[in-house]
Amino acid sequence: MKKLPLILAAVVVVVAGGAYYLYSGLDSYVKQLIESEGSAATHTKVTVNSVNISLKEAAGDLSYLEIYNPSGFSESTAIKLRSINVFLNKTALQEKGPLVINKIVVDDPIINYEVNAEGKNNIQSLSRTADEQEDKDKKEKKTSALKIIIEKVEINEGELTIKHSMLDKELKTRMPMVELRNIGLDQEGVNGTELTDQLLRAISREAVHTASLELVKELGPMKALKSGGFGELQGRLKDVLSGK
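Treat the numbers as computed from the prediction; the structure is a model and nothing was measured.

S.K.: When you look at the environment of I110 in this model, what are you seeing that I'm missing?
M.R.: Mapped onto the fold, I110 is located in strand 4 (residues 99-115). I110 sits in the buried class, given a relative accessible area of 10%. Taking the C-alpha atoms as reference points, I110 and R82, separated by 28 residues in sequence, lie 7.7 Å from one another. If we skip the residues at most four places from it in the chain, I110 touches A78, I79, K80, R82 and E159.

S.K.: How do you make sense of the pairing of strand 5 (residues 148-155) when you look at a structure like this?
M.R.: It is a general feature of regular strands that their side chains alternate between the two faces of the sheet. Taken across its eight residues, strand 5 has seven buried, putting it largely inside the fold. Bridge count between strand 4 and strand 5: six bridges; the pairing is parallel. Bridging from a neighbouring strand, I104 pairs with V153 of strand 5. In this sheet, strand 8 (residues 178-183) lies alongside strand 5 in antiparallel orientation, the contact comprising five bridges. Each bridged residue has a counterpart across the sheet, and for V153 the counterpart in strand 8 is L180.

S.K.: Hey, could you run me through the packing of aromatic side chains in this one?
M.R.: The description of two aromatic rings rests on the distance between their centres and on the angle between their planes. Counted under the stated rule, the structure contains zero aromatic pairs. Above the plane of the ring of Y68 lies K45, whose end atom (NZ or CZ) is 5.0 Å from the centre.

S.K.: What is the right way to read the pattern of salt bridges from this model?
M.R.: Pairing between side chains becomes possible if they bear opposite charge and their charged atoms approach one another. For the structure on display, the rule yields ten salt bridges. The partner of K31 in a salt bridge is E35, and the shortest N-O contact between them spans 3.0 Å. Pair noted here: K31 and E35 are both in helix 2 (residues 26-42), with a separation of four residues, about one helical turn. Residue K163 pairs with E170 through a salt bridge whose shortest N-O separation is 3.5 Å. Judged by relative accessible area, which is 28%, K163 ranks as partly exposed. Among the charged side chains, a network of salt bridges with common partners joins E159, K163, E170 and K172.

S.K.: In this structure, what is going on with the nonpolar core? I would like to understand it.
M.R.: The nonpolar side chains of a soluble globular protein tend to be buried, and buried together. Counting 48 residues, the largest nonpolar core has L65 and Y113 as the members making the most contacts within it. Here this core gets nine residues from one element, more than from any other, and that element is helix 5 (residues 192-219).

S.K.: Help me understand the pairing of strand 3 (residues 77-88), please; the structure alone is not making it clear to me.
M.R.: Bridge count between strand 2 (residues 59-68) and strand 3: nine bridges; the pairing is antiparallel. By the bridge assignment, A59 is partnered in strand 3 with F87. Here strand 3 pairs with strand 4 via nine bridges, running antiparallel. Note on strand 4: the bridge partner recorded for L81 is P109.

S.K.: I'm lost on the side chain of E66 in this one. Help?
M.R.: Along the chain, the position of E66 falls in strand 2. E66 sits in the buried class, given a relative accessible area of 15%. Excluding residues within four positions of it along the chain, E66 makes contact with K45, V46, T47, T77, I79 and K80.

Cut-off values and rules
Residues numbered from 1 in each chain as written. Predicted model: local features only at pLDDT ≥ 70, side-chain atom pairs only at ≥ 80, totals over all residues. Heavy atoms only, no water. Helix = DSSP H or I, 4+ residues; strand = E, 2+ residues; numbered from the N terminus. Buried < 20%, exposed > 50% of the residue type's maximum accessible area, 1.4 Å probe, protein only. Contact = heavy atoms within 4.5 Å. Pairing = 2+ DSSP bridges. Phe/Tyr/Trp six-rings, centres within 6.5 Å; stacked < 30°, edge-to-face > 60°. Lys NZ or Arg CZ within 6 Å of the ring centre and 35° of its normal. Salt bridge = Lys/Arg side-chain N within 4 Å of Asp/Glu carboxyl O. Core = buried A, V, L, I, M, F, W, Y, C linked by side-chain atoms within 4.5 Å.

Written out as structure tokens, the structure is:
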């Protein structure tokens, strides 16, 4: 998922924008921007409960940022980030060049992974929609001049709920911690679309991997493989089953 500003990339970019421009009523502005731009990117509903930004401390926090499912799935949320904290580099804010983020910490993420009767899963459906939107933006030359470097991202262990059309119950498990380092360091910074891509690809990759293992345990390998919903792991699972 890529469009600027979406989910964690949205938090970074709008906080940075506030630091540069000292926008009056920044918290409400950030909230509105995340919801409107997030919805435009995913073609679905995006909401955030609260935003608190301190320009003096060069830090911000958000609570309950939610992305709802795309069409073809239930009306519930696909991704819920209950707590996001962003820590900016104060020195870099006063200098020209890329904006440097010391750390982003996401606590208590909830991923609701769904596989419908067609074998498609909601997380990758959201990602494909955002990819298409980004391609459209590029053709229309909608880009951001702001470049960002992030030293560390921690997406702490969270809850993963799995719904499958072939199951009569929900599966619940824990999604392992996701950590990324030095995003944009070797490129003199990345823009918002590139940043969002890296962050949400990491979340999606771990969610699909963990959900696939749980579905194999619950349905059995052959039935699980035929049922679909494994995304990029489909080919890998076929290799395992064939003894490769």
